[in-house]
Amino acid sequence: MEVIVKNSYEEMSKLAAEMIAKIVRSKPNAVLGLATGSTPIGTYKELIRMHKEEKLDFSNVTTFNLDEYVALPPTHDQSYRYFMNDNLFNHINIDKKKTHVPDGMAKDIPAFCKWYEEQILKAGGIDVQLLGIGGNGHIAFNEPGSSLGSRTRVKTLDEKTIKDNARFFKTIDEVPKYAITMGIGTIMEARSLILLANKENKADAILKTVEGPITAMVPATIVQLHPKATIITDKAASSKLTREYAEEPSVLKR
Ligand code: GLP
């Protein structure tokens, strides 16, 4: 696991976008695992810039998103499908048919989850999975206590996650209570992981993720076991770390 501490959110986002672009350039039909939340927005902005100014080509790329709220239609402006269209897909030359976001409106959710896993396998597996982190250490919607071997399934959201996400809804009662999420086992099968964290409110979760013991109570700690994981933070999110970390990834890795 490599930990990179950048000076700012912009620098963190630029590096993540560069790492993703490098994969897309060397493998035009790459499979990207994508995340929502406020953290990856800067990365998506940079990828859009690269598409517009440097002709980064997404026409053969396939994507799988980590999660989606149950019972929010894709037209709802807080659904993750809406978020992805708005923040990335509408601005690049990706074929929307190749973009996958879990279907929060699925009638048979277990059958849908099984299908989603099959589609990932059919596409050849995920080349790089982008991750944010919840204030309680969750990844995707794998809340504390989630099995470290879990697969795509429905999860009840934690009280803390509901409170954290209330800022995106008019009232806290409108925040969905359930979500479909890739499992931790699913995420760990990606060939590489990039976990992003910025701001002070992620400092505790990053301390536990980087320097703490692996535990289901802090799901993000599992990335310590991934053979090719990069954690990129800004200064604030890394402010509680006790060791020195690099500002650039090792040459061999890039
Ligand atoms: C949600 C998402 C996660 C995301 C987290 C953090 O719970 N399901 O994938 O990492 O929020 O969000 P933010 O980046 O806005 O802090």
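Residues numbered from 1 in each chain as written. Predicted model: local features only at pLDDT ≥ 70, side-chain atom pairs only at ≥ 80, totals over all residues. Heavy atoms only, no water.

What follows deals with the overall build of the protein chain. Across its full length, the protein chain holds 7 helices and 10 strands. Against the 2.2 N^0.38 benchmark of 18 Å for 254 residues, the protein chain shows a C-alpha radius of gyration of 17 Å, consistent with a compact globule. Dimensions of the protein chain, computed from the C-alpha atoms along their principal axes, are close to 50 × 40 × 35 Å. The buried share of the protein chain, taken over its 254 residues, is 56%. The long-range fraction of contacts in the protein chain, counting pairs at least 24 apart against all pairs at least 6 apart in sequence, stands at 79%. Accessible area for the protein chain stands at about 11,500 Å²; split by element, carbon and sulfur atoms hold 54% of it. Within the protein chain, the 32 negative side-chain charges are centred at a point lying 3 Å from the centre of the 34 positive side-chain charges. (Helix = DSSP H or I, 4+ residues; strand = E, 2+ residues; numbered from the N terminus. Rg over C-alpha atoms; globule rule 2.2 N^0.38 Å. Buried < 20%, exposed > 50% of the residue type's maximum accessible area, 1.4 Å probe, protein only. Contact = heavy atoms within 4.5 Å. Areas by Shrake-Rupley, 256 points an atom, 1.4 Å probe, with all protein chains shown as cover. Lys, Arg positive; Asp, Glu negative; His and termini not counted. Charge placed at Lys NZ, Arg CZ, Asp CG, Glu CD.)

Further remarks concern the UniProt feature "active site" (unreviewed entry) in the protein chain. If you check UniProt for "active site" (unreviewed entry), the listed places come out as Asp67, Asn136, His138 and Glu143 in our numbering. Among the annotated residues just listed, those lining the largest pocket are Asp67 and His138. Here His138 is to be found in the loop between strand E6 (128–131) and strand E7 (153–156). Judged by relative accessible area, His138 falls into the buried class, the value being 10%. Beyond its immediate chain neighbours, meaning those up to four positions away, His138 contacts Gly132, Ile133, Glu143, Thr161 and Pro219. When sequence neighbours within four positions are dropped, the list of residues in contact with Glu143 reads Asn136, His138, Lys155, Thr156, Leu157, Asp158, Thr161, Ala216 and Pro219. Within the structure, Glu143 has its side chain in polar contact with the side chain of His138 (distance 3.0 Å). (UniProt positions renumbered as here; feature names shortened; annotations may be inferred. 1 Å grid on protein atoms, 1.4 Å probe; cavity = no way out; pocket = protein on both sides within 12 Å on 5 of 7 lines; lining within 4 Å. Polar contact = N/O pair within 3.5 Å; in protein donor to acceptor, adjacent residues only side chain to side chain.)

Okay, the sheet that holds strand E2 (residues 31–34) next. Spatial ordering of the open sheet is given by E1-E10-E9-E6-E2-E3-E5, a layout of 7 strands whose pairing is parallel. With partners counted over all chains shown, the strands left at the sheet margins are strand E1 (2–5) and strand E5 (99–100), one partner each. Bridge analysis of strand E9 (residues 193–197) against strand E10 (residues 229–233) gives 5 bridges, and the strand direction is parallel. Bridging across to E10, Ile194 finds its partner in Thr230. (Pairing = 2+ DSSP bridges.)

Across the sheet, 3 strands lie side by side as E4-E8-E7; this open sheet has antiparallel pairing. On the outer flanks of this sheet lie strand E4 (67–69) and E7, each paired with one strand and no other. When the angles between neighbouring strand axes are averaged without regard to direction, this sheet yields 30°. Where E4 meets strand E8 (residues 178–181), 3 bridges bridge the pair, whose relative direction is antiparallel. Each bridged residue has a counterpart across the sheet, and for Glu68 the counterpart in E8 is Ile180. (Axes fitted to C-alpha atoms, helices over the stretch in contact; angles between N-to-C directions.)

To find the voids left in a structure, one rolls a probe of water-molecule size over its atoms. As a volume, the largest pocket reaches approximately 740 Å³. Around the largest pocket, the lining is made up of 36 residues, and of these Gly37, Ser38, Asn165, Arg167 and Phe168 lie nearest the centre. Elements that contribute at least two residues to the lining of the largest pocket include exactly E4, helix H3 (80–87) and helix H5 (159–165). Looking at which element gives the most residues to the lining of the largest pocket, the answer is H3, with 5 residues. Residue composition of the lining of the largest pocket, grouped by class: 13 nonpolar, 15 polar and 8 charged. (Points joined across faces, edges and corners; volume = space filled by probe spheres on them. Nonpolar A, V, L, I, M, F, W, Y, C, P; charged D, E, K, R; others polar.)

Quick look at H3 now. Each full turn of the α-helix corresponds to 3.6 residues, which orients residues three or four apart in the same direction. Burial analysis of H3 places 6 of its 8 residues in the buried class, which makes it a mostly covered element. Among the residues making up H3, those that are buried are Tyr80, Arg81, Phe83, Met84, Asn85 and Asn87. Those residues of H3 that are buried are in contact with E2, helix H2 (41–54), strand E3 (62–65), E4, E5 and H5.

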